[in-house]
Amino acid sequence: MNEKMEEVGPTEEVVQALLECMVEPLLGRNSFKSKEVPTLDQQRSMAKQVEAVVLLYNYYYRKQHQDHKIEFLNFTSFCQLAVVLKPSLITYMELMRRPDYTDVDDLESQISLTERAIMRACDISSALDAAQADPLSGTWPTSKVVVFLVDSRRENCLLMRSSMTYAVWSIIEKHLDVSSGSLFNSKCINKKKRSTNIPSTSSQYADGARLEELALSAAAEATGINRNDLVVLESHLVYSLDKEKATARLYLVQFTKSVHEDFMVPIGDVIESLQGPLIKKILSGWVVSPAVEYFHLLPYRDILSNWYSRELLPNGLQDLTVELVAGHAYDVHIRGSSSEKEVNEENVVRLMIKSCNTDCDDEKIIEAKRRGMQGLSAVSSSQLDSQHSEDVVTTLASKESAISRSALTVLFWKREKLSSQLRTLEDEIALCDKTIRTVLNGGENDLPLKIEALVDGSNDACVKGEGVEYNTNQLVEDQSIHSKGKRLSEAILTLQNQCQQLDQLCCRSNWALPTYRVFPFEGGFQAKVIVKGADFEFTSESNIHESPREARESAAARIIAEVARVPGQNQ
């Protein structure tokens, strides 16, 4: 999570907001007198809620505000603050109820389930270290497999609410060590209990094939979907929030059969909810954002965002999957490809293809950008150490032809999309000009056109008072003149700037808006502009300029100068 959030709240208010969201619902639901001891189930549920609060504050919130060096709350500090903010939490504590809690020996045997969860979450947060860009270590063992299950159209995903933590969404998980207990309740979806012969120790899952089989078996067990209807799209190694210095293997899996619709959530909504700050400032204080409800998906946020952004790209670019792990090695899987050598030779080409699409304004790319996706950004060589930078340069040199072909493919596609958008805009402008002419000419049948224009343009900037202020009263009162447009000698020049002011001149004179064409030339760009009025047509070409915008403005300035030189022109 690498956003830099500017506004930082006081520690007490931030923790209070998290407790209100994660803990208060259980405190209110489990109402009992302060002297009564919560049941074992209640203690287990509360332990999960409080553990989530510790991780959200000590790791994720502090990581979002690294520049502010926010205080890390250790075990004792968090317990003390929690019982001050939520006094009824004391019933879930053992150590905090002792006056001599700071001098207790053999601490592990003297604490409650909730206190043990707080201690574990503090240890995990400390090991992950919010100051590190990537907490993952290649020496950490894999403790579980995680499955992000998507439908056949890759538009919706399978999520369970409150199956692991109350009021929080989660995905399918399976721990390698059964003794640690799987937090995922498979009965949430599949009412019929299924048995699987799965080994119980992590040493039996040393190779990827067995981990993948375990993940698919867990998905089948959780959903009741036939194992043969599940396809692995890609996998990634991520840090785990269940154990200190442990990893999880995430699998993105697609299924072809339907499951209960109550558990299907649009992927785009999930990705959008995961973006942004965890805590937001409102008038009355600080509150949690929707990202907190997806707490269990936070370790996979960037991976899911990158994958979904690629899904928004054209089909020809959707099969590219590259993950840069800790800036040192590529952990790459391409839809069923298992050849590490083949993948590593081509990964730079794939990264460059992704970077070529960063600025494309195709509707799908805009949607990806709107959702705050990170997956279209190329990994620059500066992110690698010197040895791998040399490897990248060598790969680039050996794959120059492939890079050129890929770049041209993307650029041709981008030009086609932009040209299509331009043609659509030109058609709309021409229809708008025709409608303006019809309204100004008047007639018995122009009322529907006027009403349609009002409805379609109710949200436009001109209705809101932004942009050009059109003298519509004068246009309506003097339709005999303006129905044909002003003659060139009647145009009033009161403008001094270029493209925008040429547009305004045309609007105020009731001419069609200017049309531009920009051509690449050696050393820069040249623009051509055409302005048509009631009794004239002007065409002007610019000199060669460094950017398309400068060339357009130069051509517009020449047209304005031509208009100013017309005999009889009002100054």
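To be clear, the structure that these remarks concern was listed above.
Notes on the structure follow.

1. Remarks on the overall build of the chain
In terms of regular secondary structure, the chain is built from 17 helices and 15 strands. Within the span of the chain, comprising 571 residues, buried residues form 44% of the whole. Sequence separation of at least 24 residues holds for 64% of the intrachain contacts in the chain that already meet a minimum separation of 6. As displayed, the chain offers around 30,200 Å² of accessible surface, 49% of which is attributable to carbon and sulfur atoms.

2. Some words on the pairing of strand E1 (residues 142-150)
Of all nine residues in E1, eight are buried; the element is thus mostly enclosed. Direction of pairing for E1 relative to strand E5 (residues 172-175): antiparallel, over a ladder of four bridges. Directly across from valine 147, in E5, lies its bridge partner isoleucine 172.

3. Comments concerning the environment of valine 231
Relative to the elements of secondary structure, valine 231 occurs in strand E6 (residues 230-239). Given the relative accessible area of 44%, valine 231 is considered partly exposed. C-alpha separation for the pair valine 231 and serine 152, spaced 79 residues apart in sequence, amounts to 9.9 Å. Filtering out sequence-adjacent residues up to four positions away, valine 231 remains in contact with Leu252, Val253 and Gln254.

4. Re the environment of serine 152
Mapped onto the elements, serine 152 comes out in the loop between E1 and strand E2 (156-158). Along the chain, serine 152 and lysine 257 lie 105 residues apart, while their C-alpha atoms are 7.7 Å from each other. Aside from chain neighbours lying at most four places away, what touches serine 152 is Gln254, Phe255 and Thr256.

5. A few points about the packing of helix H7 (residues 267-274) against helix H8 (residues 301-311)
At a minimum axis distance of 10 Å, the contact between H7 and H8 shows a crossing angle of 135°. One way to sum up the angle between H7 and H8 is to call them oblique. In this structure, the crossing between H7 and H8 has a hand that is left-handed. Between H7 and H8, the contacting residues are Ile267, Gly268, Ile271 and Leu274 on the first element and Arg301, Leu304, Ser305, Trp307 and Tyr308 on the second.

6. Concerning the packing of helix H1 (residues 11-22) against helix H3 (residues 40-64)
Viewed as axis vectors pointing N to C, H1 and H3 meet at an angle of 145°, and their least axial separation amounts to 10 Å. Of the two elements, H1 crosses H3, and the hand of that crossing is right-handed. Every residue of H3 that contacts H1 at Thr11, Val14, Val15, Leu18, Leu19 and Met22 is listed here: Gln49, Ala52, Val53, Leu56, Tyr57 and Tyr61. Here the contact of H1 with H3 is composed, by residue class, of 10 nonpolar, two polar and no charged.

7. A look at unusual backbone geometry
A positive phi is found at alanine 167, a non-glycine position, where the angle reads about 65°. With respect to the helices, strands and loops of the structure, alanine 167 is situated in the loop between strand E3 (160-161) and strand E4 (169-170).

8. Notes on the sheet that holds strand E13 (residues 515-521)
Ordered in space as E13-E14-E15, the three strands form an open sheet in which the pairing is antiparallel. The two strands at the open ends of the sheet, each matched to only one other strand, are E13 and strand E15 (537-541). Here the strands of the sheet are splayed against their neighbours by 15° on average, with no regard to which way each runs. With respect to the sheet, helix H17 (residues 548-564) is in contact with E13, strand E14 (524-532) and E15, its orientation differing from that of E14 by roughly 35°.

9. Side note on the side chain of threonine 165
Tracing the backbone shows threonine 165 in the loop between E3 and E4. A distance of 2.7 Å separates polar atoms of two side chains, one belonging to threonine 165 and the other to histidine 296. Setting aside residues up to four positions removed in sequence, threonine 165 forms contacts with Met22, Lys48, Gln49, Ala52 and His296.

10. Some points on the packing of aromatic side chains
Taken as a whole and judged by the stated rule, the model has eight aromatic pairs. Taken together, a centroid distance of 5.9 Å and an interplanar angle of 20° make the contact between tyrosine 57 and tyrosine 61 stacked. Taken together, the positions of tyrosine 57 and tyrosine 61, both in helix H3 and four residues apart, correspond to about one turn of that helix. Like tyrosine 61, tyrosine 57 is buried. Summarising the aromatic geometry, the rings of phenylalanine 148 and tryptophan 307 are spaced 6.4 Å apart at their centres and angled 75° between planes, so their arrangement reads as edge-to-face. Of this pair, phenylalanine 148 sits in strand E1 while tryptophan 307 sits in helix H8; the two residues are 159 residues apart in sequence, bridging distant segments of the chain.

11. A look at helix H6 (residues 208-223)
Over its 16 residues, H6 runs 23 Å from end to end, which matches the ideal 22 Å to within 8%, given 1.5 Å per residue. Listing the buried residues of H6 in full gives Leu211, Leu214, Ala215, Leu216, Ser217, Ala218, Ala219, Ala220, Glu221, Ala222 and Thr223. The positive-phi residue at the C-terminal boundary of H6 is glycine 224, with phi of around 80°.

12. A short note on the pattern of salt bridges
Evaluation of the coordinates by the stated rule reveals 13 salt bridges. Between arginine 161 and glutamate 293 there is a salt bridge, and its shortest N-O distance comes to 3.5 Å. One end of the pair, arginine 161, is in strand E3; the other, glutamate 293, is in the loop between strand E10 (285-288) and H8, with 132 residues separating them in the sequence. Here arginine 161 falls in the partly exposed class, since its relative accessible area comes to 40%. Each of Glu20, Glu24 and Lys86 takes part in a single network of salt bridges with overlapping partners.

13. Overview of H8
With nine of 11 residues buried, H8 is to be regarded as a mostly interior element. Listed as buried for H8 are Arg301, Ile303, Leu304, Ser305, Trp307, Tyr308, Ser309, Arg310 and Glu311.

14. So, the environment of leucine 274
For leucine 274, the location among the structural elements is in helix H7. The class of leucine 274 is buried, set by a relative accessible area of 0%. A sequence separation of 21 residues divides leucine 274 from phenylalanine 295, and the C-alpha atoms of the two residues are 8.5 Å apart. Non-local contacts of leucine 274, meaning those with residues more than four positions away in its chain, are made with Ala291, Tyr294, Leu297, Leu298 and Arg301.

15. Examining a nonpolar patch on the surface
Judged by side-chain polarity, Leu408, Leu411 and Phe412 come together as a nonpolar surface patch covering roughly 300 Å² of accessible area. You can see leucine 408 is positioned in helix H12 (residues 400-441).

16. As for the pairing of E6
Judged by how many residues are buried, E6 sits mostly within the fold: eight of 10 residues are covered. Pairing geometry for E6 and strand E7 (residues 247-255), over nine bridges, is antiparallel. Residue valine 231 lies in a different strand from E7, and its bridge partner there is glutamine 254.

Criteria and thresholds
Sequence order as written defines the numbering, with residues in each chain counted from 1. At least 70 in pLDDT is required for a residue's local features to be given in this predicted model, at least 80 for side-chain atom pairs to be given and counted, and no such filter applies to totals for whole chains, interfaces and linings, which use all residues. In computing side-chain properties, one takes all heavy atoms of the structure into account and sets aside hydrogens as well as water. What counts as a helix is a DSSP run of H or I of at least four residues, what counts as a strand is a run of E of at least two, and both are numbered from the N terminus. Each residue is placed in one exposure class: buried if its accessible area under a 1.4 Å probe, protein chains only, is under 20% of its type's maximum, exposed if it is over 50%, and partly exposed if it falls in between. A contact between two residues is defined here by any heavy atoms of the two lying within 4.5 Å. Shrake-Rupley sampling with a 1.4 Å probe provides the accessible areas, and residues are treated as covered by the protein chains on show and by no other component. Think of it this way: DSSP has to see at least two bridges between two strands before they count as a pair. Axis angles are defined between N-to-C directions and span 0 to 180 degrees, where every axis is a line fitted to C-alpha atoms and, for a helix, only to the segment in contact. Convention used here: angles under 35 degrees read as roughly parallel, angles over 145 as roughly antiparallel, angles from 65 to 115 as roughly perpendicular, and any remaining angle as oblique. In this scheme, a crossing is called left-handed if the near helix is turned counterclockwise away from the far one by less than a right angle; it is called right-handed if the turn is clockwise. Under the scheme applied, nonpolar residues are Ala, Val, Leu, Ile, Met, Phe, Trp, Tyr, Cys and Pro; charged residues are Asp, Glu, Lys and Arg; polar residues are all the others, including Gly. Two N or O atoms form a polar contact when they lie within 3.5 Å of each other; inside protein one atom must be a possible hydrogen donor and the other a possible acceptor, and for residues adjacent in sequence the pair counts only when both atoms belong to side chains. Working definition: a ring pair exists when centres of Phe, Tyr or Trp rings (six-membered ring for Trp) sit within 6.5 Å. Plane angles under 30 degrees give stacked, over 60 give edge-to-face, the rest tilted. Here, expected helix span is obtained from the residue count minus one, scaled by 1.5 Å. A pairing counts as a salt bridge when a side-chain nitrogen of Lys or Arg comes within 4 Å of a carboxyl oxygen of Asp or Glu. To count toward a patch, a residue needs a relative accessible area above 30% and no salt bridge. Like charges then connect within 9 Å, nonpolar side chains (Val, Leu, Ile, Met, Phe, Trp, Tyr) within 5 Å.

By themselves, these figures tell us nothing about what the structure is for.
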